[in-house]
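Summary of structural features
Next come the chains, spelled out residue by residue.
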Amino acid sequence: MADPAPISIALRIDDGLRQSYLALLFLASCGEFLRNPIRQVLIHGRREEDLSVLREEMGLFGDLAVSFSVGPELPDAPTDELWLVGEPAFFFSRDLTLSDGFAISAASGSLALLHGPGAPTSAVPEGIVAFDDGLAANGLVTGKSLLDHSPQEVARVQQAFRTVFSNRAFWNRRYALCPQLGSGLGSRGRFQELKRRILTDFVVDPGHSVLDVGCGDLEVVKDLRFASYTGMDVSETSIHHARDIRPEWTFHLGSTEQIDPPGADAVICFDVLIHQPTVEKARALIDFLSAHARRRLIVSGYDRPVESRHIVYSHRPLHALLRELDGWKEPVKIAAYHDMSVYMMDRIDTDDDSAMPMPAAVAPKKCSPLVTVTVNTYNNQDQILRCLNSLARQSEGNVAVNVIDDGSEDGTRTLVTEFANADPRFRVVGGPNKGISARRNEGLRLAHGTYHLFVDGDDWLPDDAIATLLDLATESGAEIVRGSHLFYNLNGKSGFEVNPLEQMHQPEIRAARFDAVPSLTMLWTTWNTLIHRRVIADNYLRFHEDLMLGEDRIFLLEAFMACRSITMTKEVTYYWDRSDKWHGSLSRSQDPAQRLRAIRLWLALARRDASCSRRHRDMVEVSAFHEAVKILLEQPKMPAALAIGYHRLLETMDFPPRLLRDRTIKGWQGSVEERSCQIYDDLRRIGRIDCDNLI
């Protein structure tokens, strides 16, 4: 077999702040997955400043032959060779050998494989993912772009990207594209207020200067009254933004290895240590902070091991690194947030009578959990540890988990108790069987913190699920954020499957009002839905404890109606186990009397609330109509009084008949459609149901 033909690459960079990060990822994926030998790489910019980041970072690629050029147009590629030409528009995700021409056009740019003098002729091969689809707002690979990839293939992509990570390139793109995200949760919302309180209590002083290492977009400090402030950051975008906000302050662009600013009385460094890829770089940063702090140092980082991922690293406990510094008093932990600790240190020679507040006055502060997770479980001994381990692995660590056991009769209670004894974030509550609604209300009463999330004990979450939902809540300001899910073992089939109905009814929306999105009425599960606790508390949202079926959709509809805005994503944040054993979980009931009551409550809610448009109500009524007809057909021998209840329920319906054939409305089934149409026609013609149509 002939060896793959050599390939050359010509990248055009029109916007260095946004495209340099993509160029690094593209080249990393070439090195990992492209089987063609790379003859050379030409990187062309319209302006010299567009190339500055890439010139700095090319050492990450070893002996790769790279050259740069500047000018209005990218030089023409030779027509007798194999060339990849254009802007960084995609990355490779599987081993590939390129030969036939193709082209990709995306928002991030166009990139084509040219082979000979003709235009690209073939389809885009598998194993190529456009950056538009493959990267989330935080710059990480999204789950939805690699659904057809094995975990090993996804891990290879992530590891390839990790080896060429550039803080400067990453934050330039992040601040340019998503300024509302800032540096993430640590610079927004509750954590922002905590940092301001720390700085107000222990740094703000008319006679002392401040050096802020990793100042970002100034969202934390911009309104504080420092006598003298100097900020430094590796991102050009954030420095430009900071200078616009506080032009009287001093800012330096560059890393601690590149610049040496004047020292300050107090040096502060939030959320920078966790991005140092090696323990040597972490120590070097601590040494830099120490060398530039004349009196006081405040720094955040991890005190316990966390799983390293793309831009986050954990090496040694922060308090251990700080204790290695000479000339400083014992570090004092003054706060904790987002799975991190905040320490303050003063120099040994600091005058205890100085105007700066001293650590002795500090009482350690700790935020309440950002998210309380309620796990409901009943006889789930074969699945519960999978669920709890997925919660323990969450990249967002500021989480409390209440496991509510509904009188399990197998080994579930023993397993969850042992798990909670080993992890203080977990708590177990249980007792005799009360039913799912009562137990979920118990979880709501026990919840504290800012957000609440339900998880069923036989399901589990991807490792970044809670962080993804929180980032979206922070970015959009929505009070409810819902992710997508995958079926697992649906109908006995091993592996994951997409839920097509959910994909229809759950569009990508940001901070939308419920009255603008009628399809939200077709979402019936409370799990995988992050809800701000003020929505629950202010509206006293509770489950109907006499319901064992259909309780989710009533609660969720009430929550949608009560909140100010809703954000939805197609990012997968939940795995729903649909294997055979699922059907016995969580005390589920198929009692027709229960189902009739649940349908009535759901209908009444949709009909009376002003936020439900006619389209909202029509979708609910058609779905309820299908459900009621299906029950009547499946249970022809139900008690007469109960059958009359269903008949009377159907008689209240009023919607366009064509909707009964709308397959996107939840509850539609081909086997029921004709009967539903016949029964609805009877109701409209003669005002009652012809019972022959139920036989």
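A brief structural summary.

**Remarks on the nonpolar core**
- The biggest cluster of nonpolar side chains holds 92 residues, and the ones touching the most others in it are Val371, Val373, Val375 and Phe625.
- In terms of residues, this core owes the most to one element, helix H18 (residues 614–634), which gives nine residues.
- Core analysis: the second largest hydrophobic core is formed by 53 residues, Leu54, Leu84, Phe92 and Tyr302 among them.

**Quick word on the pattern of salt bridges**
- Tallying each qualifying case throughout the model produces 42 salt bridges.
- The residue Glu508 makes a salt bridge to Arg510 at a minimum N-O spacing of 3.3 Å.
- We note a salt bridge from Arg614 to Asp618, for which the minimum N-O separation is 2.7 Å. Note that Arg614 and Asp618 are positioned in helix H18 at a spacing of four residues, about one turn of the helix.

**Considerations on the packing of aromatic side chains**
- A complete count under the given rule lists 27 aromatic pairs for this structure.
- Between Trp527 and Trp576 the ring centres are 4.9 Å apart and the planes differ by 65°, which places this aromatic pair in the edge-to-face class. Here Trp576 lies in strand S24 (residues 566–577) and Trp527 lies in the loop between strand S22 (509–512) and strand S23 (529–532), a separation of 49 residues in the sequence.
- Judged by its relative accessible area of 2%, Trp527 is buried.
- Where Phe625 meets Tyr680, the ring centres are 5.5 Å apart and the plane angle is 85°; that geometry is what we call edge-to-face. In this pair, Phe625 is assigned in helix H18 and Tyr680 in helix H20 (residues 670–686), connecting sequence segments 55 residues apart. Judged on exposure class, the residue Phe625 and its partner Tyr680 are both buried.
- An aromatic cluster is present here, built from Tyr21, Phe165, Phe170, Trp171 and Tyr175 joined pairwise through their rings.
- Sitting over the ring of Tyr540, Arg542 keeps its end group 4.3 Å from the ring centre.
- Across from the ring centre of Trp602, 4.5 Å away, lies the NZ or CZ of Arg553, which sits over that ring.

**Let's talk about unusual backbone geometry**
- At Asn528, a residue that is not glycine, the phi angle is positive and equals roughly 65°.
- Counting through the fold element by element, Asn528 comes out in the loop between S22 and S23.
- With a phi close to 45°, Tyr540 is a non-glycine residue in the positive phi region.
- By the secondary structure assignment, Tyr540 is in the loop between helix H15 (533–538) and helix H16 (551–562).

**Describing helix H7 (residues 236–245)**
- Looking at H7, one finds that the buried residues are Glu236, Thr237, Ser238, Ile239 and Ala242.
- Tucked into the core, H7 has its buried residues touching helix H1 (16–33), helix H2 (52–57), helix H5 (167–177), strand S10 (228–233) and strand S11 (250–253).
- One side-chain oxygen at the N-terminal end of H7 lies 3.3 Å from the backbone nitrogen of Thr237; it belongs to Ser235.

**Points about helix H11 (residues 412–422)**
- Every buried residue belonging to H11 is among Thr412, Val416, Phe419 and Ala420, and all of these are buried. Angular distribution of buried residues about the axis of H11 spans 95°; they occupy a single face of the element. Counted as exposed and oriented over 90 degrees from the buried face of H11: Glu418, Asn421 and Ala422.
- As for H11, its buried residues are in contact with strand S16 (371–377), helix H10 (384–392), strand S17 (399–405) and strand S18 (426–430).

**Section: the environment of Asp662**
- Looking at the element boundaries, Asp662 is found in the loop between helix H19 (640–651) and H20.
- Judged by its relative accessible area of 19%, Asp662 is buried.
- With 40 residues separating them in the primary sequence, Asp662 and Val622 have C-alpha atoms 9.2 Å apart.
- Not counting residues within four places of it along the chain, the set of residues in contact with Asp662 comprises Arg615 and Trp668.
- Polar contacts involving the side chain of Asp662 include one to the side chain of Thr664, which spans 2.6 Å.

**With respect to the pairing of S18**
- Here S17 pairs with S18 via five bridges, running parallel. Across the sheet, residue Val403 finds its bridge partner in S18, namely Val428.
- Where the polypeptide runs from S17 across H11 and back to S18, its parallel neighbour, the crossover connection is right-handed.

The rules behind each value
- Residues numbered from 1 in each chain as written.
- Predicted model: local features only at pLDDT ≥ 70, side-chain atom pairs only at ≥ 80, totals over all residues.
- Heavy atoms only, no water.
- Core = buried A, V, L, I, M, F, W, Y, C linked by side-chain atoms within 4.5 Å.
- Buried < 20%, exposed > 50% of the residue type's maximum accessible area, 1.4 Å probe, protein only.
- Helix = DSSP H or I, 4+ residues; strand = E, 2+ residues; numbered from the N terminus.
- Salt bridge = Lys/Arg side-chain N within 4 Å of Asp/Glu carboxyl O.
- Phe/Tyr/Trp six-rings, centres within 6.5 Å; stacked < 30°, edge-to-face > 60°.
- Lys NZ or Arg CZ within 6 Å of the ring centre and 35° of its normal.
- Contact = heavy atoms within 4.5 Å.
- Polar contact = N/O pair within 3.5 Å; in protein donor to acceptor, adjacent residues only side chain to side chain.
- Arc of directions from axis to C-beta.
- Pairing = 2+ DSSP bridges.
- Right-handed = clockwise from strand over helix to strand, strands pointing away.

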